[in-house]
Amino acid sequence: MPPSETDELFDNSYRLYQLKHILIDLRRHQYYLKDFYKPVITFNNITPPHAQYYDWTADAFYWIPYDEWKRRTDNALLHTISRNLKDYETRGTPPNLEVKWVVRRHTFNWEDPTHVRALINNYEALKNYMGDKLNTYGYTLLLDFDRYRKMANLSPVRDYLLQQKLLNESYTDTLNGLEARFNIRYNDNHLSTIYAKEIPQKIANAAARHRLLLETPPDELKKCHHCGAMLPRSNLFYAFNRSRRDGFSSSCKECERKMRIARGG
Ligand SMILES: [Zn+2]
């Protein structure tokens, strides 16, 4: 039998190694594209107490009145697949006819802190449910979360608090643990603000920084005077500073943070 094209591609191990890396890179690019440019639909479906029961492995759907279906299918911008009612599942009879509207997958905007907050609140349920469903959108969300959590570079205290939240620990246990480990005392109000606003915002910012870093052309980057990192000229990377010509501080936020800590801040 003559060798096939595939045989030739794989005839030496170095070539195989190269191909493997090209494939890995392609997958990574595909991943970034998926991550950043998928359209954002509403996040209504992922709020307690429904999250446990939500089917993360399938497309989402909801029932809409016939008039609403008509309005949507008439809207060219929605690129409706079919305008024929027969192609849709329906229930009820006129005038109470309802049509099943399928949304291709749940979408999630990492740069929206309310989305991040909802995910944190449902993390435990989602993890229990998705643990063995590796090739699903819900599972990818968990992986993305771990990645952005790392990128957010939370302080040890914030990271501990987040961990407690992900494990669904009670406020009392968390506050006691905080005192035992870090000798810091917070009250319930402070803790719920950290959970509702601060941590989701930090993770959303990490996602926004990640996107901006990949999107900004190299010649538009600004060099940090302190660490030399080339970073986008944006408030996500540099603090505003009116005395500078370009309006941004000369050191990146990460360097300023380290300097603050070094000064005992
Ligand atoms: Zn720097």
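Each value, and the rule that gives it
- Residues numbered from 1 in each chain as written.
- Predicted model: local features only at pLDDT ≥ 70, side-chain atom pairs only at ≥ 80, totals over all residues.
- Heavy atoms only, no water.
- Helix = DSSP H or I, 4+ residues; strand = E, 2+ residues; numbered from the N terminus.
- Buried < 20%, exposed > 50% of the residue type's maximum accessible area, 1.4 Å probe, protein only.
- Contact = heavy atoms within 4.5 Å.
- Donors = N, O, S within 2.8 Å, 3.2 Å for Na, K, Ca; no water.
- Tetrahedral: all angles 85-135°; square planar, octahedral: opposite > 155°, others 65-115°.
- Arc of directions from axis to C-beta.
- Phe/Tyr/Trp six-rings, centres within 6.5 Å; stacked < 30°, edge-to-face > 60°.
- Salt bridge = Lys/Arg side-chain N within 4 Å of Asp/Glu carboxyl O.
- Core = buried A, V, L, I, M, F, W, Y, C linked by side-chain atoms within 4.5 Å.
- 1 Å grid on protein atoms, 1.4 Å probe; cavity = no way out; pocket = protein on both sides within 12 Å on 5 of 7 lines; lining within 4 Å.
- Points joined across faces, edges and corners; volume = space filled by probe spheres on them.
- Nonpolar A, V, L, I, M, F, W, Y, C, P; charged D, E, K, R; others polar.
- pLDDT = per-residue confidence, 0-100.

## Let's talk about the overall build of the protein
At step 1: Along the protein, the regular secondary structure elements total nine helices and five strands.
At step 2: Seen in sequence order, the protein has helices and strands lined up from the N terminus as α-α-β-α-β-β-α-α-α-α-α-β-β-α.
At step 3: Expressed as a percentage of its 265 residues, the buried residues of the protein come to 33%.
At step 4: Pairs at least 24 apart in sequence give 56% of the contacts found in the protein among residues at least 6 apart.

## Considerations on the coordination of the zinc ion
At step 1: All of the protein donors around the zinc ion are Cys224 (SG), Cys227 (SG), Cys252 (SG) and Cys255 (SG); their distances to the metal are 2.2 to 2.4 Å.
At step 2: Considering all four donor atoms around the zinc ion, angles at the metal cover 103 to 122 degrees and the coordination shape is tetrahedral.
At step 3: Between consecutive donors of the zinc ion, the numbers of intervening residues give the motif C-x2-C-x24-C-x2-C. Of this pair, Cys227 sits in the loop between β4 (221-223) and β5 (230-232) while Cys255 sits in helix α9 (residues 253-262), and the two are 28 residues apart along the sequence.
At step 4: Among the residues examined, Cys227 registers a relative accessible area of 46% and is labelled partly exposed.

## Some points on helix α3 (residues 66-74)
At step 1: Among the residues of α3, Trp69, Arg72 and Thr73 are the ones counted as buried. What you see down the axis of α3 is that its buried residues fit within an arc of 95 degrees, all on one side. Summarising the geometry of α3, the exposed residues directed more than 90 degrees from the buried face are Asp67 and Arg71.

## Some details on the packing of aromatic side chains
At step 1: Taken as a whole and judged by the stated rule, the model has eight aromatic pairs.
At step 2: Ring geometry for Tyr123 against Phe145: centres 5.2 Å apart, planes inclined by 50 degrees, an arrangement best described as tilted. Within this pair, whereas Tyr123 is found in helix α4 (residues 113-130), its partner Phe145 is found in helix α5 (residues 137-152), the two being separated by 22 residues in sequence.
At step 3: Aromatic ring contacts, followed pair by pair, group Trp110, Tyr123, Phe145 and Tyr148 into a single cluster.

## With respect to the pattern of salt bridges
Close approach of charged atoms allows side chains of opposite charge to pair.
At step 1: Counting across every chain of the model gives 14 salt bridges.
At step 2: Asp159 is the partner of Arg149 in a salt bridge, and the nearest nitrogen-oxygen pair spans 3.2 Å. A residue pair is termed long-range when its members are at least 10 positions apart, and Arg149 in helix α5 and Asp159 in helix α6 (residues 156-166) qualify at 10 residues.
At step 3: Here Arg149 falls in the buried class, since its relative accessible area comes to 15%.
At step 4: Accessibility expressed as a relative area gives 28% for Asp159, which makes it partly exposed.
At step 5: We note a salt bridge from Glu215 to Arg211, for which the minimum N-O separation is 2.9 Å. Linking Glu215 with Arg211, this pair stays in helix α8 (residues 188-215), spanning four residues, or about one helical turn.

## Overview of the nonpolar core
At step 1: In terms of nonpolar packing, the biggest core is built from 29 residues, with Trp110, Ile120, Phe145, Leu161, Leu162, Ile199 and Ile203 touching the most fellow members.
At step 2: Elements with a contribution of two residues or more to this core: α4, α5, α6, α7 (171-182) and α8.
At step 3: Element by element, the count of residues in this core is highest for α8, at eight residues.
At step 4: Sequence-distant contacts of Leu162, defined by excluding residues within four places in its chain, comprise Ile120, Phe145, Arg149, Leu154, Tyr195, Ile199 and Ile203.
At step 5: Counting residues in hydrophobic clusters, the runner-up holds eight residues, among them Leu212, Leu231, Tyr238 and Cys252.

## Quick notes on the layout of surface pockets
At step 1: Taken as a whole, the second largest pocket holds about 610 Å³ of empty space.
At step 2: Residue lining of the second largest pocket: 22 residues in total, with Ala152, Arg209, Lys253, Glu254 and Arg257 positioned closest to the centre.
At step 3: Taken together, the residues of the lining of the second largest pocket sort by class into 10 nonpolar, four polar and eight charged.

## Regarding the confidence of the model for the protein
At step 1: When pLDDT is averaged along the protein, the result is 80; 75% of the residues meet or exceed 70.
At step 2: Counting contacts from residues 35-54, a segment whose pLDDT is below 50, to residues more than four positions away or on other chains yields 37 contacts.

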